Amino acid sequence: MGVALAVALVGLAAFKPAAREVKRLGWVVALFLVLVVYLAIVSDINGADWEQRLLRVVIIFALAYVVAQGRYHMPSAMFGLGFAAVGNAAAFYAGLTTNNYPPFLTGFWGDKNVAGLWYAVVLAAGFVTLRRWYSKVMWLAGFGVLLFLTGSRTSIAAAVLALAWGALRGRVGVFGRWLLVLLGIGALILVEERYARIGVFADREGTDWFRELVTLAMAEKADVAPWYGMGLTSSIVRLPGGRWAYFHDSYLALRVEGGYLLVGFFLVLFVVMGLGLFSRKINVSPETLMFEAAVVVILVCAWKLGEVFFTSIAAIAIGALLGAKYGVPLSGPEDSEAIPSRGDRAL
């Protein structure tokens, strides 16, 4: 579904004019093209079956590019996605979709963690942008319940941290934003170690046992991977008993497939440029805040949910954020004006 959606959106964007010029996008594209050649060479040297994987990477980047150019009005699209997410839940409980992880909500996404990722993005991005308190309460209650029904603990944690970012981001400077990131990482580790199996999540011993097997196998493979990586499609491990499993950690997957260069590219794109950790600017537009919250969800979910960076929702989030933050309108009013500015952007 992710790649098909990306292909459809990129194809439709070819018939839409760009609404803005993103000044810093040129060097990002240039670096990405170098990265594509680099990944092809590294993959070929390691004898990896890389062509289809590289095509996916290019398509996902192309989606981020056209979104950044403003070929779609993404603030409106995000609220539209909220309605679609409600429809997905209705179809699921009406028995019109697959039910691969009963009793957890999946719907047309087919996987509870994928569903959790999308619901977390919708919850956080919409909540931090809504103006009136009762709208916030309704949005949080509705999508909070739907997110909880997916049973995706990582996605729930991601939404909480994204809401915290939305509440505090406009009140702190560079040091404060770095402190927020460090506190968020510390909170994730603490919850993972001490509180991951409490209450309704107490029956996850089998799931966590399997996840631990994958985690150990990932660490072993990362330890032997050269600094330049092992090539595309190499983020897969063989478990005791002969079973194969994909990496659960997107950061380690980047490290193993493309080495430190690939990891650095994504950290610069999502963390440095996206969240603006070195920017002295405190107040940002509502559109920027919306997609910063979405990117926080992406960064957290990438820690535990496997293939996250090379998904359509990640491309939409980072593309829309770069466009909102660095874009200059080519004609007409700024897209972000569709969401009126206000003094209390966060909560």
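As the structure is a computational prediction, the values presented were derived from the model and not from experiment. (Residues numbered from 1 in each chain as written. Predicted model: local features only at pLDDT ≥ 70, side-chain atom pairs only at ≥ 80, totals over all residues. Heavy atoms only, no water.)

> I keep staring at the confidence of the model for the chain and nothing clicks. Help me out?
The predicted coordinates should not be examined in detail at positions where pLDDT is low. Looking at the chain, the pLDDT average stands at 89 and 92% of residues meet or exceed 70. Within the model, the stretch residues 333–347 combines pLDDT values under 50 with 40 contacts to residues more than four positions away or in other chains. (pLDDT = per-residue confidence, 0-100. Contact = heavy atoms within 4.5 Å.)

> For this particular structure, what's the right way to read the environment of Arg238?
Within the secondary structure, Arg238 is located in strand E2 (residues 236–238). Arg238 sits in the exposed class, given a relative accessible area of 51%. Each C-alpha atom, one on Arg238 and one on Gly259, is 20 Å from the other, the two residues being 21 residues apart in sequence. Contacts of Arg238, omitting those with residues within four sequence positions, involve Arg243 and Trp244. (Helix = DSSP H or I, 4+ residues; strand = E, 2+ residues; numbered from the N terminus. Buried < 20%, exposed > 50% of the residue type's maximum accessible area, 1.4 Å probe, protein only.)

> Hey, could you run me through the pattern of salt bridges in this one?
Between side chains of opposite charge, pairing is possible as soon as their charged atoms come close. All chains considered together, the criterion is met by six salt bridges. Two residues, Glu287 and Arg20, come together in a salt bridge whose shortest N-O distance is 3.6 Å. In this pair, Glu287 sits in helix H11 (residues 286–301) while Arg20 sits in strand E1 (residues 20–22), placing the two residues 267 residues apart along the sequence. For the residue pair Glu287 and Arg20, the accessibility class agrees, reading buried in each case. A network of salt bridges, in which partner residues are shared, links Arg53, Arg56, Glu257 and Glu307. (Salt bridge = Lys/Arg side-chain N within 4 Å of Asp/Glu carboxyl O.)

> Would you take a moment to explain helix H1 (residues 2–13) for this structure?
Each α-helix winds once per 3.6 residues, and so residues spaced three or four apart point in a common direction. Given a rise of 1.5 Å per residue, twelve residues ought to cover 16 Å, and the 16 Å separating the end C-alpha atoms of H1 matches this to within 8%. Within H1 the residues assigned to the buried category are Ala6, Leu9 and Ala13. For H1, the angular spread of buried residues about the axis comes to 70°, placing them on one side. In the core, the buried residues of H1 are packed alongside helix H3 (51–68) and helix H12 (312–326). (Expected span 1.5 Å × (residues − 1). Arc of directions from axis to C-beta.)

> What is the right way to read H3 from this model?
Given a rise of 1.5 Å per residue, 18 residues ought to cover 26 Å, and the 26 Å separating the end C-alpha atoms of H3 matches this to within 8%. Of all the positions in H3, only Arg53, Leu54, Val57, Ile59, Ile60, Phe61, Leu63, Ala64, Val66, Val67 and Ala68 are classed as buried. Positive phi shows up at Gly70, right after H3, with a value of about 80°.

> So what exactly am I meant to see when it comes to the packing of H3 against H12 here?
Helix-helix packing is characterised by the crossing angle of the two axes and by the distance between the axes. Orientation of H3 relative to H12, taken along the N-to-C sense of each, is 35°, at an axis distance of 7 Å. Judged by the sense of rotation from one axis to the other, the crossing of H3 with H12 is right-handed. Between H3, through Ile60, Leu63, Ala64, Val67 and Ala68, and H12, the contact on the second element is made entirely by Ser312, Ala315, Ile316, Ile318, Gly319, Ala320 and Gly323. Residues of the contact of H3 with H12, tallied by class, amount to nine nonpolar, three polar and no charged. (Axes fitted to C-alpha atoms, helices over the stretch in contact; angles between N-to-C directions. Left-handed = near helix turned anticlockwise from the far one by under 90°. Nonpolar A, V, L, I, M, F, W, Y, C, P; charged D, E, K, R; others polar.)

> Please explain the packing of helix H5 (residues 112–127) against helix H6 (residues 133–150) as it appears in this structure.
Interaxial distance between H5 and H6 falls to 9 Å at its minimum, and their mutual angle equals 170°. For the element pair H5 / H6, the angle class is roughly antiparallel. Of the residues in H6, those in contact with Lys112, Ala115, Gly116, Tyr119, Ala120, Val122, Leu123, Gly126 and Phe127 of H5 are Lys136, Trp139, Leu140, Phe143, Gly144, Leu146, Leu147 and Thr150. Split by residue class, the contact of H5 with H6 holds eleven nonpolar, four polar and two charged. (Parallel < 35°, antiparallel > 145°, perpendicular 65-115°, else oblique.)

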